[in-house]
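Descriptive structure summary
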2 protein chains.
Amino acid sequence: MSDTPRRRIPEAALGRLPIYLRILVDLTNDDVTQVSSEQLAELAAVNAAKVRKDLSYLGTYGTRGVGYEVKFLTYQIQRELGLNQSWPVVIVGAGNLGQALANFTGIAERGFHVVGVVDKDESKIGQLVGGVRVRHADELQQIASSKAVSIGIIATPAQHAQEAADSLVRAGIGSIMNFAPTVISVPRGVNVRKVDLALELQILSYYEQTRNNGLRAVETGDSSDSVSA
Amino acid sequence: MSDTPRRRIPEAALGRLPIYLRILVDLTNDDVTQVSSEQLAELAAVNAAKVRKDLSYLGTYGTRGVGYEVKFLTYQIQRELGLNQSWPVVIVGAGNLGQALANFTGIAERGFHVVGVVDKDESKIGQLVGGVRVRHADELQQIASSKAVSIGIIATPAQHAQEAADSLVRAGIGSIMNFAPTVISVPRGVNVRKVDLALELQILSYYEQTRNNGLRAVETGDSSDSVSA
DNA sequence: ATTACCTAGTGCATACATTCACGAACTCCG
DNA sequence: CGGAGTTCGTGAATGTATGCACTAGGTAAT
Ligand SMILES: NC(=O)c1ccc[n+]([C@@H]2O[C@H](COP(=O)([O-])OP(=O)(O)OC[C@H]3O[C@@H](n4cnc5c(N)ncnc54)[C@H](O)[C@@H]3O)[C@@H](O)[C@H]2O)c1
Ligand SMILES: NC(=O)c1ccc[n+]([C@@H]2O[C@H](COP(=O)([O-])OP(=O)(O)OC[C@H]3O[C@@H](n4cnc5c(N)ncnc54)[C@H](O)[C@@H]3O)[C@@H](O)[C@H]2O)c1
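Cut-off values and rules
- Residues numbered from 1 in each chain as written.
- Chains lettered and ligands numbered in written order.
- Predicted model: local features only at pLDDT ≥ 70, side-chain atom pairs only at ≥ 80, totals over all residues.
- Heavy atoms only, no water.
- Domains from an automatic or database assignment.
- Near = heavy atom within 4 Å.
- Polar contact = N/O pair within 3.5 Å; in protein donor to acceptor, adjacent residues only side chain to side chain.
- Areas by Shrake-Rupley, 256 points an atom, 1.4 Å probe, with all protein chains shown as cover.
- Helix = DSSP H or I, 4+ residues; strand = E, 2+ residues; numbered from the N terminus.
- Nonpolar A, V, L, I, M, F, W, Y, C, P; charged D, E, K, R; others polar.
- Buried < 20%, exposed > 50% of the residue type's maximum accessible area, 1.4 Å probe, protein only.
- Arc of directions from axis to C-beta.
- Contact = heavy atoms within 4.5 Å.
- Buried area = accessible area lost by both parts, 1.4 Å probe.
- Salt bridge = Lys/Arg side-chain N within 4 Å of Asp/Glu carboxyl O.

The next point concerns the domain arrangement of chain A. According to the domain assignment, chain A consists of domain 1 (11-80) and domain 2 (87-198). Here the C-alpha centre of domain 2 of chain A lies 31 Å away from the C-alpha centre of domain 1 of chain A.

In structure tokens:
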């Protein structure tokens, strides 16, 4: 154990580490052993200085004049993200999305495995999805503690998302990924991230509309307010 | 149409407008007609000043001492986001996710409708998903132009995502929503947004790990999404 | 009308993020 | 060994976002 730099990583940089990680894994598969910030930047579609600064939060893992050793950097990012282990996750809601997620293999390849799926609907109980049997929502706490689960996924309709969040919190889960299009409130200290398809589409809608207004989605923000009509 | 303020909306604010919009729609359903920035902020789990500033980019639609009229504000946000119309979208890739999306009704309720689903795999062609028949990827251009589609969704495996993106661009699509966990490159002027489940989970993983290291996931840093209310 | 009381809108300070540009550190080659 | 060439790490400048705290503009009651 040489050292553990352990500065806190800024949110913005944190959001890019998984991207670099995926690229590095791909590079390893292509037998590439060294990579420069310039190359990484190209592959991640970002600025090279940003790559270097992002990586500098992890420690000093590059070699000047050379670049980064792919495997070593891969390991360091994984370690920093806590991906040395595979995290057990539970899914709340065994509907279309919940089942798709449970069946989805891509999740397992990136550091997670589904150890439980629960639903409130009796007709769903007992069904086998993604190798696990759907159990009743009341058993959530038991599942979470017996399998040491700390990450939960909400895949219920929006109107039940808060209820699902509450039960996850009660079960001792500290991090929640929310697919329901609603804001959930959780106690301080619980992390929530959301994935909201419609929200993203609506942002695209905005850009499409401004494009059609002749007010381009603007590269540099040329500020000259060309009023539409 | 009195006036159209038409300043360009900052990215950060833009990302919150769909949230306010959803809340406002819910309020209307609950027969609430007026709302203050304070209440909206509470419901959206953000700061009230932020709500006011975000809304100020649209124009001056509130009434001091009173608040905002729910229906009027709803209309203004919809108009700004281009949600007066329902946008036609095409889905590339009719696998698990593509089918789930095509079947998903939530998308229609929020301003979009699927007019085409294409796949490269012959065995998928002709299948009926979400009310439309899967057609061959080669027909993408024809579908896009005949239905005036400007938004495309990539739901192919990562290794085919660039190919899918290229075909969408060739078909004249200007905005792309990418579900494949890979960076796609597109010509200048084409908008891309991504939804990456594993990436979000990996961020949660980081926070779980730091939590266990005794170095708390820190309150204040809930900048973009991670609510710690 | 006047006063008391709200709440939107916003200027400003602060915080956070991005990018440039340059010195430091390493390799390679003659 | 020394100089040329490369690429990292980072200070400083710029750009963007947040949130406080105040002003402007509205309501309501007397
Ligand atoms: N289907 C998609 O393609 C898609 C895409 C993006 C987002 N979403 C969102 O994902 C969520 C789920 O979508 P879906 O299509 O799977 O819906 P669905 O109706 O098919 O499934 C929801 C499931 O959640 C269960 N449920 C409800 N309350 C529960 C509770 N408290 N505890 C446990 N289980 C509970 C229901 O019994 C049902 O089986 C929705 O919020 C939707 O907006 C879906
Ligand atoms: N399944 C999930 O729950 C889930 C969740 C999140 C993200 N994703 C991502 O979504 C993507 C799709 O996942 P999936 O589970 O649906 O995969 P899948 O293999 O079931 O489906 C992919 C489909 O895309 C088609 N395809 C491939 N190349 C194409 C092309 N050039 N043009 C048209 N069609 C093409 C294939 O024929 C196949 O039918 C993947 O990138 C995956 O990582 C999936």
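Moving on, there is more to tell.
It is worth spelling out the site of ligand 2 at this point. Neighbouring ligand 2 are 22 residues; Asn96, Leu97, Asp119, Lys124 and Thr156 of chain B lie closest to it. Chains contributing residues near ligand 2 are chains A and B. At 2.8 Å from an oxygen atom of ligand 2 is found a main-chain nitrogen or oxygen belonging to Leu97 of chain B. With respect to ligand 2, the side chain of Glu163 of chain B contributes an N or O atom lying 3.1 Å from a nitrogen atom. Protein coverage of the free-state accessible area of ligand 2, which is 820 Å², stands at 85%. Contributions of two or more residues to the shell around ligand 2 are made by α6 (96-103) of chain A together with α6 (96-103) of chain B. Looking at side-chain class alone, the shell around ligand 2 contains twelve nonpolar, five polar and five charged residues.

Next up on the list: the protein's contact with DNA strand C. Around DNA strand C, a shell composed of 27 residues is seen, among which Arg16 of chain A together with Ser37, Arg52, Arg64 and Tyr68 of chain B lie nearest. What you see for DNA strand C is that sugar and phosphate hold 65% of its atoms within 4 Å of the protein. Between Gly65 of chain B and DNA strand C, the recorded distance is 3.0 Å, taken from a backbone N or O atom to a sugar or linking oxygen. Between Tyr68 of chain B and DNA strand C, the recorded distance is 2.7 Å, taken from a side-chain N or O atom to a phosphate oxygen.

Because an α-helix completes one turn every 3.6 residues, residues spaced three or four positions apart along the sequence face the same direction. Residue and element names in this part refer to chain B. When we look at burial in helix α8 (residues 161-170), the residues that qualify are Ala161, Ala164, Ala165, Ser167 and Leu168. Buried residues along α8 cover an arc of 165 degrees about the axis, so they all sit on one side. Looking at the buried positions of α8, the neighbouring elements they touch are β4 (87-92), α7 (140-146), β8 (151-154) and β9 (175-178).

All right, on to the interface of chain B and chain A then. Of the residues lining the interface, 73 residues belong to chain B; the matching set on chain A comes to 72 residues. Both sides together, the interface formed by chain B and chain A hides about 7,000 Å², and carbon and sulfur atoms give 59% of it. There are six salt bridges connecting chain B and chain A. For Glu200 of chain A, the salt bridge is made with Arg193 of chain B, and the minimal N-O distance between the two is 2.4 Å. Where chain B meets chain A, there are 30 residue pairs in polar contact (both at pLDDT 80 or more). For the side of chain B that touches chain A, the secondary-structure elements that each account for two or more residues are α1 (11-14), α2 (17-29), α3 (37-44), α5 (70-81), β8, β9, β10 (191-194) and α9 (197-212) of chain B. Per element, the largest residue contribution to the side of chain B that touches chain A is 15 residues, and it comes from α9 of chain B. Residues belonging to the side of chain B that touches chain A are distributed by class as follows: 36 nonpolar, 19 polar and 18 charged.

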